[in-house]
Amino acid sequence: MMVIKEIAVYTNILNCRIKKYFSDKLNENNINLTPEQFLVMDWLWKEQPISQQRIAEVIQKDKNSVTKFIDSLEKKNLVFRTVDKEDRRINKIALTREGADMELATTEVAIDFMNDVVKGIDENDLKTYVRVLLQMRKNMEGGGQED
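As a starting point, this report considers the structure included with it. (Residues numbered from 1 in each chain as written. Predicted model: local features only at pLDDT ≥ 70, side-chain atom pairs only at ≥ 80, totals over all residues. Heavy atoms only, no water.)

### Here we look at the overall build of the protein
No. 1: Counting secondary structure elements, the protein contains seven helices and three strands.
No. 2: When its C-alpha atoms are laid out on the principal axes, the protein stretches across 50 × 40 × 25 Å.
No. 3: The burial tally for the protein puts 26% of its 147 residues in the buried class.
No. 4: Within the protein, contacts between residues separated by at least 24 positions form 48% of all contacts whose residues are at least 6 apart in sequence.
No. 5: Element-wise, carbon and sulfur atoms account for 53% of the exposed surface of the protein, whose accessible area totals about 10500 Å².
No. 6: Between the mean site of the 23 positive side-chain charges and the mean site of the 25 negative ones, the protein shows a separation of 5 Å. (Helix = DSSP H or I, 4+ residues; strand = E, 2+ residues; numbered from the N terminus. Buried < 20%, exposed > 50% of the residue type's maximum accessible area, 1.4 Å probe, protein only. Contact = heavy atoms within 4.5 Å. Areas by Shrake-Rupley, 256 points an atom, 1.4 Å probe, with all protein chains shown as cover. Lys, Arg positive; Asp, Glu negative; His and termini not counted. Charge placed at Lys NZ, Arg CZ, Asp CG, Glu CD.)

Structural data, given as structure tokens:
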């Protein structure tokens, strides 16, 4: 198999397996989130309130998907919507107390999960992997070669 094709195939397979494995880990720890909902929550733990548009940008999902994630998180009483005071067309998303309170336990599960995923891989190899991923993303955004 050509290297380029291998990269595409194995990247896709890894993405699917990581989501499934993380979903299993969340369930095992009684954390009622999907991996995608976790991405939303993780961003909100860093910065809130935040617009739905900004969430869509940072997690690389379309606005309709993000609306569904927010609806689901709202039903779980983890987030709430407010209307932006300056632009009423913009919904801002913020954490409820329950959503804020789950940060520590959920982040610990996520870190343990990723430690399992990268177990046995040299730290320099991981740094190289991150650099390669960032360059690939930059190439797709039209940024070209990194200095």
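### A word on the sheet that holds strand β2 (residues 79-83)
No. 1: Judged by pairing direction, the sheet is antiparallel, and its three strands sit side by side in the order β1-β3-β2 without closing on themselves. The strands lining the two open edges of the sheet, one partner per strand, are β1 (50-51) and β2.
No. 2: The sheet contact formed by β1 and strand β3 (residues 91-95) spans two bridges and is antiparallel. In the strand pairing of β3, Ser 51 is matched with Lys 92.
No. 3: Sheet strands in contact with helix α4 (residues 63-75) are β2 and β3, and its direction is about 120° off that of β2. (Pairing = 2+ DSSP bridges. Axes fitted to C-alpha atoms, helices over the stretch in contact; angles between N-to-C directions.)

### Overview of the environment of Thr 82
No. 1: Among the secondary structure elements, Thr 82 is positioned in strand β2.
No. 2: Residues Thr 82 and Ala 94, twelve residues apart in the sequence, show an inter-C-alpha distance of 7.8 Å.
No. 3: With sequence-adjacent residues up to four places away left out, Thr 82 is seen in contact with Ile 90, Asn 91 and Lys 92.

### Details of the pattern of salt bridges
No. 1: Summed over all chains, the structure comprises ten salt bridges.
No. 2: Linking Arg 81 and Glu 74 is a salt bridge whose minimum nitrogen-to-oxygen distance equals 2.5 Å.
No. 3: Residue class for Arg 81 comes out partly exposed when judged on its relative accessible area of 24%.
No. 4: Across the salt bridge formed by Lys 127 and Glu 123, the nearest N and O atoms sit 3.7 Å from each other. Taken together, the residues span about one helical turn, with Lys 127 and Glu 123 both in helix α7 (residues 123-140) at a distance of four residues.
No. 5: Since its relative accessible area comes to 46%, Lys 127 is described here as partly exposed.
No. 6: Judged by its relative accessible area of 53%, Glu 123 falls in the exposed class.
No. 7: Each of Asp 71, Glu 74 and Arg 81 takes part in a single network of salt bridges with overlapping partners. (Salt bridge = Lys/Arg side-chain N within 4 Å of Asp/Glu carboxyl O.)

### Overview of the packing of aromatic side chains
For any two aromatic rings, the description comes down to two numbers: the centre-to-centre distance and the angle of the planes.
No. 1: According to the stated counting rule, one finds four aromatic pairs in the structure shown.
No. 2: Seen in terms of ring centroids, Phe 22 and Phe 38 are 5.0 Å apart; in terms of plane orientation they differ by 85°. Their pairing is edge-to-face. Residue Phe 22 is found in helix α1 (residues 3-28), and its partner Phe 38 is found in helix α2 (residues 35-46); the two are separated by 16 residues along the sequence. Each member of the pair Phe 22 and Phe 38 is classed as buried.
No. 3: Every member of this aromatic cluster is reached through a ring pair, and the members are Tyr 21, Phe 22, Phe 38, Trp 45 and Phe 113. (Phe/Tyr/Trp six-rings, centres within 6.5 Å; stacked < 30°, edge-to-face > 60°.)

### Notes on the pairing of β3
No. 1: Here β2 pairs with β3 via five bridges, running antiparallel. Bridge pairing in β3 places Arg 81 opposite Ile 93.

### Remarks on α2
No. 1: For α2, spanning twelve residues, the distance from its first C-alpha to its last is 17 Å, which sits close to the expected 16 Å at 1.5 Å a residue.
No. 2: Those residues of α2 that sit buried are Pro 35, Glu 36, Gln 37, Phe 38, Val 40, Met 41, Leu 44 and Trp 45. (Expected span 1.5 Å × (residues − 1).)

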